[in-house]
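# Structural characterization, general
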Amino acid sequence: NAGVTQTPKFQVLKTGQSMTLQCAQDMNHEYMSWYRQDPGMGLRLIHYSVGAGITDQGEVPNGYNVSRSTTEDFPLRLLSAAPSQTSVYFCASSYSGTSTDTQYFGPGTRLTVL
Amino acid sequence: TQLLEQSPQFLSIQEGENLTVYCNSSSVFSSLQWYRQEPGEGPVLLVTVVTGGEVKKLKRLTFQFGDARKDSSLHITAAQPGDTGLYLCAGAPIGSWNAGNMLTFGGGTRLMVKP
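Everything numeric in this text was worked out from a predicted model, so none of it was measured.

### Considering the layout of surface pockets
Sizing a probe to match a water molecule and rolling it over the atoms shows the empty space that remains. Of the voids in this model, the largest pocket is the one considered here, and its volume is about 560 Å³. Together, 29 residues line the largest pocket, and Gln 37, Val 88 and Arg 110 of chain A together with Leu 86 and Arg 110 of chain B are the ones closest to its centre. Contributions of two or more residues to the lining of the largest pocket are made by strand E9 (87–94) and strand E11 (109–113) of chain A. With 4 residues, the single largest contributor to the lining of the largest pocket is E11 of chain A. By residue class, the composition of the lining of the largest pocket is 10 nonpolar, 13 polar and 6 charged.

Shown next as structure tokens:
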């Protein structure tokens, strides 16, 4: 199993550009989440999904859109990038979504917005 | 919004020393997880504690969940260079059936163990 994969690894955008961060998992996990990591602030939840077709907002959803058309994929879209979105983005998945379940994280996408 | 505060933020010690990392909140969590993150990689789960007062050991690492389930600590005995990394605590909210989907993370403790 490849686990959780994310592409691209690195990306530089100009303010106002749009892009999609890809996340895929091959573990048949229903539960997936997107986090952003900024220095000294740990990870903050952007959006999450409890299954195909079902998504909801996390702590910092503004400026980001998600959709979940398949169990495997959970892309994160930036519609109009802003410098404040410069961060490292992590996708995570889990089997049951319960408080004791293991979250599997991808390797991250480092995004710089100029 | 639930907050988790970790201390210290940075820790640089010599091989063989002991250390403790703290994770504190004013909120109650249904569980508390500890992760370790290497540069350029995603966090990897070390342990989950669920019951107030629970203590779990993972080789030289000891994890404790506070009695009120608001705080936790990670103690490393005889630290080794291989323990170097970013340690993150994460709390799952109470009252949500998909709490593991909605973790609140602490700011992290960056540990460096020098040989």
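### Examining the interface of chain A and chain B
With 26 residues of chain A in contact, the opposing surface of chain B contributes 27 residues. Carbon and sulfur atoms make up 53% of the area that chain A and chain B hide from each other, which totals about 1900 Å². At the surface where chain A touches chain B, the tally comes to 0 salt bridges. Our count for the contact surface shared by chain A and chain B stands at 7 residue pairs in polar contact (both at pLDDT 80 or more).

### Regarding the pattern of salt bridges
By the definition in use, this model includes 5 salt bridges over all chains. Residue Asp 38 of chain A is joined to Arg 44 of chain A by a salt bridge in which the shortest nitrogen-to-oxygen separation is 2.8 Å. Residue Asp 38 of chain A is classed as buried on the basis of its relative accessible area of 11%. The closest approach of N and O atoms between Lys 56 of chain B and Glu 54 of chain B, which form a salt bridge, is 3.8 Å. The class for Lys 56 of chain B is partly exposed, based on a relative accessible area of 31%. Put simply, Arg 36, Asp 38 and Arg 44 of chain A are held in one network by salt bridges that share partners.

Here is what the cut-offs are and how they apply
Residues numbered from 1 in each chain as written. Chains lettered and ligands numbered in written order. Predicted model: local features only at pLDDT ≥ 70, side-chain atom pairs only at ≥ 80, totals over all residues. Heavy atoms only, no water. 1 Å grid on protein atoms, 1.4 Å probe; cavity = no way out; pocket = protein on both sides within 12 Å on 5 of 7 lines; lining within 4 Å. Points joined across faces, edges and corners; volume = space filled by probe spheres on them. Helix = DSSP H or I, 4+ residues; strand = E, 2+ residues; numbered from the N terminus. Nonpolar A, V, L, I, M, F, W, Y, C, P; charged D, E, K, R; others polar. Contact = heavy atoms within 4.5 Å. Buried area = accessible area lost by both parts, 1.4 Å probe. Salt bridge = Lys/Arg side-chain N within 4 Å of Asp/Glu carboxyl O. Polar contact = N/O pair within 3.5 Å; in protein donor to acceptor, adjacent residues only side chain to side chain. Buried < 20%, exposed > 50% of the residue type's maximum accessible area, 1.4 Å probe, protein only.

Without other data, these values stay purely geometric and don't point to any function.
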